[in-house]
Amino acid sequence: MFKEKLAEDLTAALRTGDASRRLVLGMLASVIKNRELEKRSRLAKQGVPETDLQAASELTDDEILEAIASEVKKRKESAASFSSGGRPEMAQKEEEELAILMHYLPEQMSEDQIRKVVQDVVAQIKPQGIQDMGKVIAQVMARVKGRADGKLVSQMVREAL
């Protein structure tokens, strides 16, 4: 579903001449294709039959969301680096790309919503202390799937523990 939507939007950007959207979506299509090739390679090494390899190597919507989230994170970090390095024009370019990518992620959760999920997971798991932080983060990230920043989740889990 996501892959088709991205392809349609890339075609529309090509038709309208929207160069920045075309570049970002083209880059994202490349990232997805590379991840599919990596997945195909892993599956081939695991002995998946050649006839099943093509279908099995296609990314799921969740895997595509992970790829988009990864690219969003890169853009945020780059924009911050460019801003602190005195390159506002480059920071603005990264932020424009970020805005295009954010369009494809689910609506982000508020801090209060994330905090509630963290509290629910802590109540369910009953961690013994900070040593169980990884278990709590894993459960929280599974529940918020692309709707929350990992850094923010980590910070909230640390506060809760």
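As the structure is a prediction and not an experimental result, all values here were calculated from the model.

The rules we used
Residues numbered from 1 in each chain as written. Predicted model: local features only at pLDDT ≥ 70, side-chain atom pairs only at ≥ 80, totals over all residues. Heavy atoms only, no water. Helix = DSSP H or I, 4+ residues; strand = E, 2+ residues; numbered from the N terminus. Expected span 1.5 Å × (residues − 1). Buried < 20%, exposed > 50% of the residue type's maximum accessible area, 1.4 Å probe, protein only. Contact = heavy atoms within 4.5 Å. Salt bridge = Lys/Arg side-chain N within 4 Å of Asp/Glu carboxyl O.

1. With respect to helix α4 (residues 61-84)
For α4, spanning 24 residues, the distance from its first C-alpha to its last is 35 Å, which sits close to the expected 34 Å at 1.5 Å a residue. Looking only at α4, the buried set comprises Ile64, Leu65, Ala67, Ile68, Glu71, Val72, Arg75 and Ala79. Where the residues of α4 are buried, they touch α1 (2-16), α2 (19-45) and α5 (88-102). Within two residues after α4, Gly86 carries a phi angle of roughly 75°, on the positive side.

2. Details of the pattern of salt bridges
Per the counting criterion, the structure on display carries 14 salt bridges. Linking Glu71 and Arg75 is a salt bridge whose minimum nitrogen-to-oxygen distance equals 3.1 Å. With a gap of four residues between them, Glu71 and Arg75 both fall in helix α4, about one helical turn apart. As far as the burial class goes, Glu71 and Arg75 line up, both buried. A salt bridge links Lys93 to Glu97, with the nearest nitrogen and oxygen atoms 2.9 Å apart. A residue pair is termed a helical-turn pair when its members lie 3 or 4 positions apart in one helix, as Lys93 and Glu97 do in helix α5 at four residues. On the accessibility criterion, Lys93 (39% relative accessible area) is partly exposed. Residues joined by salt bridges that share partners form a network here, namely Glu71, Lys74, Arg75, Lys93, Glu94 and Glu97.

Spatial relationships are all this shows, so hold off on functional conclusions.
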